[in-house]
Amino acid sequence: MKRALIYILTGFSALVFIHSAVSCSGAKEPEAVEVRNVIYMIGDGMGLAQVSALMLEHGFAPINMEKAHAVGLVKTYSANNRVTDSAAVGTALATGTKTNNSVLGIDPEGNHLESVMMKAMKAGFGTGMVVTCPITDATPGAFYAHVGSRREYETIAAQLAESGIDVFMGGGRRLFNDREDGVDLYADLRSKGYTVVEELDELNETGSGRVACLIDEFYPPYASAGRGDYLPRAVSKSLEILSNDNGGGKGFFLMIEGSQIDGAGHKNDIDNVLSEMQDFDDAVGIVLDFADRNPGTLVVILADHETGGLSLVPGDADFERGESGVSASFGTGGHSAILIPMFAYGPGAEKFTGVFDNTEIPGIIESLILP
């Protein structure tokens, strides 16, 4: 029988999803230091129900996201739709400006938008991206690309090769080495000083320098179907490289996406929602440990939108009885319009407490790291 979130719990107590509960989870208090590093973590399709489902899976033992110093909620609508797609919301989270669905890095009037990552790069910060989707997909693309359609994959790949981002890891290698236009972006990247690899293990001896790691022809498999622990390991390696290269400089800006929570939500596949959520939370644990060892590291964890209209419903509608289990119920195969959760950790975390529009988040980050 599929696990499908059926639980018989003993000593059941209500989960109260408020800031005071987070403060009881053993989180260290943020140090009053200047923000030096920013780690921006996006769980694609991760709504409150998906976070709650992972908590249920753990029997309410704290998950890593619960270590946050601050918790907020975020509105997700796009410029032309109350239900956003990943391109529009990625653009909002990267640049602070709403745009139309399917558009990357361009506002509704056609103006190019600059992301907080690119601004950080210009100010001397190291930059990196680690995702579990094609590196040209909507969320990562929003941080460097400017296209009228998120489906312009080869154009997006070419813009990434020109972006100057120091470290990027994800799928989509055929957009670099087997392109319809015949351009060899592998050669282009190597000419710019990148180490280009197709397996994460090829970086075992690499601790610095520019790196492009393209682990799949296009879309990597689920963690449960062969991707394994790539995301936590890739996050660790990226943190190592960016720390080594910027130890005496300004610091770094790293964007991490748990990309396939979304795909499992589209398929109403609770098993893979849970395994992708666990994979993402494992990466959160690595990042928070890094932040504890490196004062001045701000971690912002949030979703772009919720996918699947997930709700967690009891096995028995009679609430006066004892525990009857909880099951997953999906309301759609698409995205939903509900608020999404945000968790912040480290110096400046208190600025992320409250209810925000998604366009506010990059501006807060920018105010903490740029003059």
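Analysis parameters
- Residues numbered from 1 in each chain as written.
- Predicted model: local features only at pLDDT ≥ 70, side-chain atom pairs only at ≥ 80, totals over all residues.
- Heavy atoms only, no water.
- Helix = DSSP H or I, 4+ residues; strand = E, 2+ residues; numbered from the N terminus.
- Rg over C-alpha atoms; globule rule 2.2 N^0.38 Å.
- Contact = heavy atoms within 4.5 Å.
- Areas by Shrake-Rupley, 256 points an atom, 1.4 Å probe, with all protein chains shown as cover.
- Lys, Arg positive; Asp, Glu negative; His and termini not counted.
- Charge placed at Lys NZ, Arg CZ, Asp CG, Glu CD.
- Expected span 1.5 Å × (residues − 1).
- Buried < 20%, exposed > 50% of the residue type's maximum accessible area, 1.4 Å probe, protein only.
- Polar contact = N/O pair within 3.5 Å; in protein donor to acceptor, adjacent residues only side chain to side chain.
- Pairing = 2+ DSSP bridges.
- Salt bridge = Lys/Arg side-chain N within 4 Å of Asp/Glu carboxyl O.
- Core = buried A, V, L, I, M, F, W, Y, C linked by side-chain atoms within 4.5 Å.
- Disulfide = S-S within 2.5 Å.
- Phe/Tyr/Trp six-rings, centres within 6.5 Å; stacked < 30°, edge-to-face > 60°.
- Lys NZ or Arg CZ within 6 Å of the ring centre and 35° of its normal.

### Thoughts on the overall build of the protein
Helix and strand counts for the protein stand at twelve helices and 13 strands. Since a compact globule built from 371 residues should have a radius of gyration of about 21 Å, the 20 Å found for the protein is in line with a globular shape. Across its three principal axes, the protein shows a C-alpha extent of roughly 70 × 45 × 45 Å. Residue pairs in contact within the protein that sit at least 24 positions apart in sequence constitute 75% of those at least 6 positions apart. Roughly 14200 Å² of accessible area belongs to the protein as shown, and the carbon and sulfur atoms make up 49% of that amount. When the 26 basic and 50 acidic side-chain charges of the protein are each reduced to a single mean position, those positions are 2 Å apart.

### Points about helix 11 (residues 270–293)
Compared with an ideal rise of 1.5 Å per residue, which puts 24 residues at 34 Å, helix 11 spans 35 Å between its outermost C-alpha atoms and is within 8% of the ideal. In terms of burial, helix 11 is a largely internal element, 18 of the 24 residues being buried. The N-capping residue of helix 11, defined by a side-chain oxygen 3.3 Å from the backbone nitrogen of Asp-271, is Asp-269.

### Brief notes about the side chain of Ser-259
Relative to the helices and strands, Ser-259 resides in the loop between strand 7 (252–258) and helix 10 (261–266). For Ser-259, the side chain forms a polar contact with the main-chain nitrogen of Cys-133, separated by 3.4 Å. Setting aside anything within four residues of it in sequence, one finds Ser-259 in contact with Asp-44, Val-131, Thr-132 and Cys-133.

### Digging into the pairing of strand 2 (residues 70–75)
Of the strand pairs in this sheet, strand 2 and strand 12 (residues 340–345) are connected by five bridges, and their pairing is antiparallel. Within strand 12, the residue paired with Ala-70 across the bridge is Ala-344. As defined by bridge partners, strand 2 adjoins strand 13 (residues 354–357) across four bridges and the pair is classed as parallel. Bridge assignment links Val-74 to a residue of strand 13, and that residue is Phe-356.

### Digging into the pattern of salt bridges
Counted according to the given criterion, the structure contains 19 salt bridges. Arg-173 is paired through a salt bridge with Glu-198; the nearest N and O atoms lie 3.7 Å apart. Remark: Glu-198 occurs in the loop between strand 5 (194–197) and strand 6 (210–214) and Arg-173 occurs in the loop between strand 4 (167–171) and helix 7 (174–177); sequence separation between them is 25 residues. With a relative accessible area of 10%, Arg-173 lands in the buried category. With a shortest N-O distance of 2.7 Å, Asp-279 and Arg-227 are connected by a salt bridge. A residue pair is termed long-range when its members are at least 10 positions apart, and Asp-279 in helix 11 and Arg-227 in the loop between strand 6 and helix 9 (230–246) qualify at 52 residues. Residue class for Arg-227 comes out buried when judged on its relative accessible area of 7%. Salt bridges here are not isolated pairs; linked through shared partners, they connect Asp-85, Asp-137 and Arg-150.

### Considering the nonpolar core
Ranked by size, the top nonpolar core spans 112 residues in total, and within it Phe-176 and Phe-253 carry the most contacts. Per-element accounting of this core gives the leading share, eleven residues, to helix 11. Once you skip the residues sitting within four places of it in the chain, Phe-253 turns out to touch Val-38, Tyr-40, Val-116, Met-117, Ala-120, Gly-126, Thr-127, Gly-128, Phe-143, Ile-365 and Ile-369.

### Some words on helix 6 (residues 153–163)
Regarding helix 6, the residues found buried are Tyr-153, Glu-154, Ile-156, Ala-157, Leu-160, Ala-161 and Ser-163. A positive phi of about 90° marks Gly-164, the residue just after helix 6.

### Things to note about the state of the cysteines
For the coordinates displayed, the defined rule picks out zero disulfides. With no disulfide partner, Cys-133 has as its closest neighbouring cysteine sulfur the one in Cys-213, 14 Å distant. Accessibility expressed as a relative area gives 0% for Cys-133, which makes it buried.

### Thoughts on the packing of aromatic side chains
Across all of its chains, the model carries seven aromatic pairs by this definition. Both rings, one in Phe-168 and one in Tyr-194, keep their centres 5.8 Å apart while their planes meet at 55°; by these two values the pair is tilted. Placement of the pair is Phe-168 in strand 4 and Tyr-194 in strand 5, with a sequence separation of 26 residues. Across the pair, exposure class does not vary: Phe-168 and Tyr-194 are buried alike. Among the aromatic residues, ring-to-ring pairing joins Tyr-40, Phe-143 and Phe-253 into one connected group. Above the ring of Tyr-77, the side-chain terminus of Lys-98 is found at 3.8 Å from the ring centroid.

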